[in-house]
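Structural features, examined
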Protein chains: 2
Amino acid sequence: MTRTGRMTVASTPEELREARRPCPSPFGLVPTMGALHAGHAALVRRARAECASVGASLFVNPTQFGPAEDLSKYPRTLGRDLELLEACGADVVYTPRAEEVYPDGFQTFVTVERLSVPLEGASRPDHFRGVATVVAKLFLAFAPDRAYFGQKDAQQVAVVRRMVRDLGFPLRVVVVPTVRERDGLALSSRNAYLSPAERASAPVLFRALSSAREAFDRGERSGGRLRTAMRSVLAREPLAEPLYVSVADPETLEELGEAAGDLLLSLAVRVGPTRLIDNFLLERGRWETGILEG
Amino acid sequence: MTRTGRMTVASTPEELREARRPCPSPFGLVPTMGALHAGHAALVRRARAECASVGASLFVNPTQFGPAEDLSKYPRTLGRDLELLEACGADVVYTPRAEEVYPDGFQTFVTVERLSVPLEGASRPDHFRGVATVVAKLFLAFAPDRAYFGQKDAQQVAVVRRMVRDLGFPLRVVVVPTVRERDGLALSSRNAYLSPAERASAPVLFRALSSAREAFDRGERSGGRLRTAMRSVLAREPLAEPLYVSVADPETLEELGEAAGDLLLSLAVRVGPTRLIDNFLLERGRWETGILEG
């Protein structure tokens, strides 16, 4: 266990228990995979504003990466991450090693069945099993009163919310709007992989979502035509390979034929070798499209 | 919420939270499916002896029954169960309805993968997924410091222990020896299904286990020959149809060729239409064969 200014860094479950014990309630948790950016900072600052104590985890979770995915080359920037967390006011940071989280003989998994199947789940079959399992473990380890997640990962939000409700974790899930670059690109640790040309193409996700939102705002309610609006914007960008476009119920993730109540527009696009995702949420009649950084 | 003497009976998660809040630590939990007998009473009394507060649940968990199993005819004896729990000193009893535990849209399950496959799992493929899920939910609802399980369900013990370790539930699993009739038959709610002739045959499980134990005590270390010892006792009982006999590691449930360290002898036998299970545990050089009621 080490201290960075007023922040405690725990690297084993025992150290975390010791660091957590004196923290006053309510306790807010921000689970992350590190490689922190302004999107994570928004989560920590929101937790800081709402809670008496704030914890964060930095753990690149192997069980949510597929065999062909980028686990080993996922960006790791521990020193900078700790500085950002301290600057945002975190009290406790947990940085476990993989062998600590998944010891020999580990074989218990949490699955949120139907919500894990479509969208991201279609090409990443065990991804949300890994997410639900590690989030359940972090909830048990931190015992938070609130847990903060970014709207950027909309399916993860749906999965975690369902898990909390189904298993009865005694906490509230708080979802924080996506933070974007000035050109609309959603902040993501994976943006670091983009070449300058790919970076120039990447705002096409935001433009595609915006085009469907504009169609909706003009009165378009057909799920099919909203998807077509997104697809035709993507088709004009040569470096972008669309993987899916979706108009779905934000809670069940079922594709909608007719847009009636709440609405999740989402898409995944390969830009060069890098897979990017983004979404807009229409909830209670209000668009949540994220915050453009200035 | 109702009171039976000094015991509180909660039937919703909200009532349980309210009833649990004032209970002093350590809190001991005894999860049951009702139809209580002296085996359950031993669990509650052990919890009472070790804990400042004692909770129990009475819930016939649908997700641990297969489609062809006896969910609807599983014995239900709520009035007598509450009397027994009060007599044994329980403070809080939770009797939720199935719709409360598994509301519309429920889809989150906890699986303990390899331990759920052999023995009981071979003929009951989703049984331990149901057990692990409901036990996880009860652990989150009660937040116990200790949880009490009977050695009778040895595979359930292995599954729950593994789940607690893998997910990091902050509690201790306490395993209580099997309580037996004077002729060795392990107490089970399913014994109520036995006809007089079947009841007379049922102690063959205990005799088969005893015969393997005696062989072991005489120096037999071959897993194969210990299994044969059990099988040959079972073969002499016309009403008994052996389903499996096992000599396994009690923690991993892997079948042993040579008995070296700890040892779990276990078997499942159909006696008439009723499926019975039993086991002996050799741990730290000491046999745990259960308590004969007298």
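Just above sits the structure.
Predicted model, so just to flag it, every value in this text is computed and none were measured.

What counts, and where the lines are drawn
Residues numbered from 1 in each chain as written. Chains lettered and ligands numbered in written order. Predicted model: local features only at pLDDT ≥ 70, side-chain atom pairs only at ≥ 80, totals over all residues. Contact = placed C-beta atoms within 7 Å. Helix = DSSP H or I, 4+ residues; strand = E, 2+ residues; numbered from the N terminus. Nonpolar A, V, L, I, M, F, W, Y, C, P; charged D, E, K, R; others polar. Pairing = 2+ DSSP bridges. Axes fitted to C-alpha atoms, helices over the stretch in contact; angles between N-to-C directions. Buried ≥ 20, exposed ≤ 12 C-beta atoms within 10 Å, placed from the backbone. Least-squares fit on C-alpha atoms with pLDDT ≥ 70 in both. Core = buried A, V, L, I, M, F, W, Y, C linked by C-beta atoms within 7 Å. Parallel < 35°, antiparallel > 145°, perpendicular 65-115°, else oblique. Left-handed = near helix turned anticlockwise from the far one by under 90°. Right-handed = clockwise from strand over helix to strand, strands pointing away.

The next thing to look at is the interface of chain A and chain B. Where the parts come together, the accessible area they lose is often given as the size of the interface. If you look at the interface, chain A gives 22 residues, while chain B gives 22 residues. Broken down by secondary-structure element, the contributors of at least two residues to the side of chain A that touches chain B are β6 (108-112), α6 (127-142) and α7 (154-167) of chain A. Here the residues of the side of chain A that touches chain B are counted per class, giving 13 nonpolar, four polar and five charged. Summarising the sheet, β6 of chain A and strand β6 (residues 108-112) of chain B pair through five bridges and their orientation is antiparallel. Bridged to F109 of chain A within β6 of chain B is T111 of chain B.

Before going further, it helps to spend a moment on the sheet that holds strand β8 (residues 172-176) of chain B. Residues and elements named next belong to chain B. Ordered in space as β1-β2-β5-β4-β3-β7-β8, the seven strands form an open sheet in which the pairing is mixed. Bordering the open sheet on either side are β1 (2-4) and β8, each of which pairs with just one other strand. Taking the axes of each pair of neighbouring strands and ignoring which way they run, one obtains an average angle of 25° across the sheet. Taken together, the six bridges between strand β3 (residues 27-32) and strand β4 (residues 53-58) define a ladder with parallel strand orientation. Within β4, the residue paired with G28 across the bridge is V54. In the packing of helix α1 (residues 13-20) onto the sheet, contacts are made with β2 (7-10) and β5 (92-94), and the angle to β2 comes to roughly 155°. Strands β3, β4, β7 (146-150) and β8 of the sheet are contacted by helix α2 (residues 38-50), whose axis makes an angle of about 155° with β7.

Let us now look at the sheet that holds strand β12 (residues 274-283) of chain B. Residue and element names in this part refer to chain B. Strands sit in the order β10-β11-β12-β13 across an open sheet of four strands; the sheet is antiparallel. The sheet terminates laterally at β10 (240-248) and β13 (286-288), the two strands that pair on one side only. Here the average twist between neighbouring strands, direction ignored, is 15°. Sheet topology places strand β11 (residues 263-271) next to β12; nine bridges connect them, and they run antiparallel. By the bridge assignment for β12, V269 is matched with L276. On top of the sheet, helix α9 (residues 204-217) reaches β10, β11, β12 and β13; it is set at about 150° to β11, its chief contact. Helix α10 (residues 223-235) contacts β10 and β11 of the sheet and is inclined by roughly 160° relative to β10.

Looking now at the environment of R162 of chain B. Relative to the assigned elements, R162 of chain B resides in helix α7 (residues 154-167). On the basis of neighbour count, R162 of chain B is assigned to the buried category, with 24 C-beta atoms found within 10 Å. Counting along the chain gives 122 residues from R162 of chain B to H40 of chain B, while the straight-line C-alpha distance between them is 22 Å. Not counting the four nearest positions on each side in its chain, R162 of chain B is found in contact with Q107 and T108 of chain A together with V112 and L115 of chain B.

Bringing the relation of the copies chain A and chain B into the picture now. Rotating chain A by 180° about the axis while translating it 0.0 Å along that axis superimposes it on chain B, leaving an RMSD of 0.0 Å. With respect to symmetry, the two chain copies, as superposed, fit the operation of a two-fold axis. Residue V110 of chain A, judged by its C-alpha, is the member of chain A lying nearest the rotation axis, at 2.3 Å. Mapped onto chain B, 100% of the interface residues of chain A are again interface residues, and the two copies thus contact each other with one and the same surface.

By size, the foremost hydrophobic cluster in this structure holds 180 residues, and its most contacted members are V93 of chain A together with V93 of chain B. Beyond its immediate sequence surroundings of up to four residues, V93 of chain B is in contact with M7, V9, A56, L58, L82 and L85 of chain B.

So, on to the packing of α2 of chain B against helix α3 (residues 78-88) of chain B. Residue and element names in this part refer to chain B. Running from N to C, α2 and α3 point in directions that differ by 30°, and their axes come no closer than 9 Å. In terms of orientation, α2 lies roughly parallel with respect to α3. In the crossing of α2 with α3, the sense of the turn from one axis to the other is right-handed. On the side of α2, the interface is formed by A41, V44, R45 and R48, while α3 contributes L84, L85 and C88. Among the residues forming the contact of α2 with α3, the class breakdown is five nonpolar, no polar and two charged.

Moving on, we get to the pairing of strand β8 (residues 172-176) of chain A. Along a regular strand, successive side chains alternate from one face of the sheet to the other. Residue and element names in this part refer to chain A. Two elements, strand β7 (residues 146-150) and β8, share five bridges in a ladder whose sense is parallel. Residue pairing in the sheet places Y148 in a bridge with V174 of β8. Handedness of the crossover joining β7 and β8 through α7: right-handed.

As a further point, take the packing of α6 of chain A against α7 of chain A. Residue and element names in this part refer to chain A. Viewed as axis vectors pointing N to C, α6 and α7 meet at an angle of 50°, and their least axial separation amounts to 10 Å. The angle between the axes of α6 and α7 places the two elements in the oblique class. Classified by chirality, the crossing of α7 by α6 is right-handed. Along the contact surface, α6 presents F128, V131, A132, V135 and A136, while α7 presents Q156, V159, V160 and M163. Of the residues assigned to the contact of α6 with α7, the class counts are eight nonpolar, one polar and no charged.

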